[in-house]
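# Analysis of the macromolecular model
Spelled out from the first residue to the last, the chains are:
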Amino acid sequence: MSTVDSIEKTVVAAADPPPVVHTAATLWLAAVAAGAFETVLMVVSQLAGGTALMGLLPGAGFRMAVFAGAIFLALRLRSGQNWARWTLAGTLGVFGTLSLLIGPVEWLLGGGSIAEVVAGADTLWWVFAASRTLHVAAVLGALTLMFQPRANAYFRSA
């Protein structure tokens, strides 16, 4: 192996993200997949309930734009772009998580009964609840991993 080949391999290896960053990016992509799945479930459910498609398009379109932005940011995160890390943390990590949790928390504070909901839950409810749980877990996991010491060193060196 020549010296040039050795240097090229070293540069490529140095540019590869550490496992925590790779996993964080993968978790962001998993969160996007869960969010897209939840959107499909909501749209299908509302269409079955008689809601007009045109009434659903603005909300679904907005969610798809957010998902596209999240995919872009997750890919930039993996390539060492520190601005992408902070953008993901601030927008989807904070505001996105709040948007996922505020409805259920308000419902609980308003006297909602988990036991009653679970007792009357159908398959669609369980599928949605499982997806939302995985969605939130993926976001929280990605946030945690993005700021681990090896991730911090990677973003400083990039």
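Residues numbered from 1 in each chain as written. Predicted model: local features only at pLDDT ≥ 70, side-chain atom pairs only at ≥ 80, totals over all residues. Heavy atoms only, no water.

Turning next to helix H6 (residues 123-146). For H6, built from 24 residues, the straight-helix expectation of 34 Å at 1.5 Å per residue is met to within 8% by its first-to-last C-alpha distance of 34 Å. Where H6 is buried, its residues touch helix H2 (19-48), helix H3 (53-78), helix H4 (82-109) and helix H7 (149-157). (Helix = DSSP H or I, 4+ residues; strand = E, 2+ residues; numbered from the N terminus. Expected span 1.5 Å × (residues − 1). Contact = heavy atoms within 4.5 Å.)

What follows deals with the side chain of Ser131. Mapped onto the elements of the fold, Ser131 is located in helix H6. For Ser131, a relative accessible area of 7% translates into the label buried. Among the polar contacts made by the side chain of Ser131, one reaches the side chain of Glu38 at a distance of 3.1 Å. The residues touching Ser131, leaving out its near neighbours within four places in the chain, are Ala34, Phe37 and Glu38. (Buried < 20%, exposed > 50% of the residue type's maximum accessible area, 1.4 Å probe, protein only. Polar contact = N/O pair within 3.5 Å; in protein donor to acceptor, adjacent residues only side chain to side chain.)

On the surface, Trp107, Leu108, Ile114, Val118, Trp125 and Trp126 cluster together to form a nonpolar patch covering roughly 570 Å² of accessible area. Among the elements of the structure, H4, helix H5 (114-120) and H6 are those that each provide at least two residues to the nonpolar patch. Position of Val118 among the secondary structure elements: in helix H5. (Patch = residues over 30% accessible without salt bridge, like charges linked within 9 Å, V, L, I, M, F, W, Y side chains within 5 Å. Areas by Shrake-Rupley, 256 points an atom, 1.4 Å probe, with all protein chains shown as cover. Salt bridge = Lys/Arg side-chain N within 4 Å of Asp/Glu carboxyl O.)

Between H3 and H4, whose axes approach to 8 Å, the crossing angle comes to 145°. Where H3 crosses over H4, the handedness of that crossing is left-handed. Contacts between H3 and H4 involve Val66, Ala70, Phe72, Leu73, Ala74, Arg76 and Leu77 from the former and Trp83, Ala84, Arg85, Thr87, Leu88 and Leu92 from the latter. Tallied by class, residues from the contact of H3 with H4 come to 10 nonpolar, 1 polar and 2 charged. (Axes fitted to C-alpha atoms, helices over the stretch in contact; angles between N-to-C directions. Left-handed = near helix turned anticlockwise from the far one by under 90°. Nonpolar A, V, L, I, M, F, W, Y, C, P; charged D, E, K, R; others polar.)

All right, on to the packing of H2 against H7 then. Viewed as axis vectors pointing N to C, H2 and H7 meet at an angle of 95°, and their least axial separation amounts to 8 Å. One finds that H2 runs roughly perpendicular with respect to H7. The residues of H7 that touch H2, namely those facing Pro19, Val20 and Val21, are Arg150, Ala151, Tyr154 and Phe155. Within the contact of H2 with H7, the residues separate by chemical class into 6 nonpolar, no polar and 1 charged. (Parallel < 35°, antiparallel > 145°, perpendicular 65-115°, else oblique.)

This next bit is on H7. Within H7, burial applies to Ala151, Tyr154 and Phe155. For H7, the angular spread of the buried residues around the axis is 95°, confining them to a single face. Away from its buried face, by an angle of more than 90 degrees, H7 presents the exposed residues Pro149, Arg150, Arg156 and Ser157. (Arc of directions from axis to C-beta.)

One finds Val21, Trp28, Leu77, Leu88, Leu143, Met146 and Phe155 to be the most contacted residues of the largest nonpolar core, which totals 23 residues. Those elements that place two or more of their residues in this core are H2, H3, H4, H6 and H7. With 6 residues, the single largest contributor to this core is H2. Residue contacts for Val21: discarding those within four places in its chain leaves Leu77, Arg78, Ala151, Tyr154 and Phe155. (Core = buried A, V, L, I, M, F, W, Y, C linked by side-chain atoms within 4.5 Å.)

Moving on to the environment of Leu143. Note on placement: Leu143 falls in helix H6. Note: C-alpha distance between Leu143 and Trp86 (57 residues apart in sequence) is 9.9 Å.

Keep in mind that these numbers describe shape and distance, not what the molecule does.
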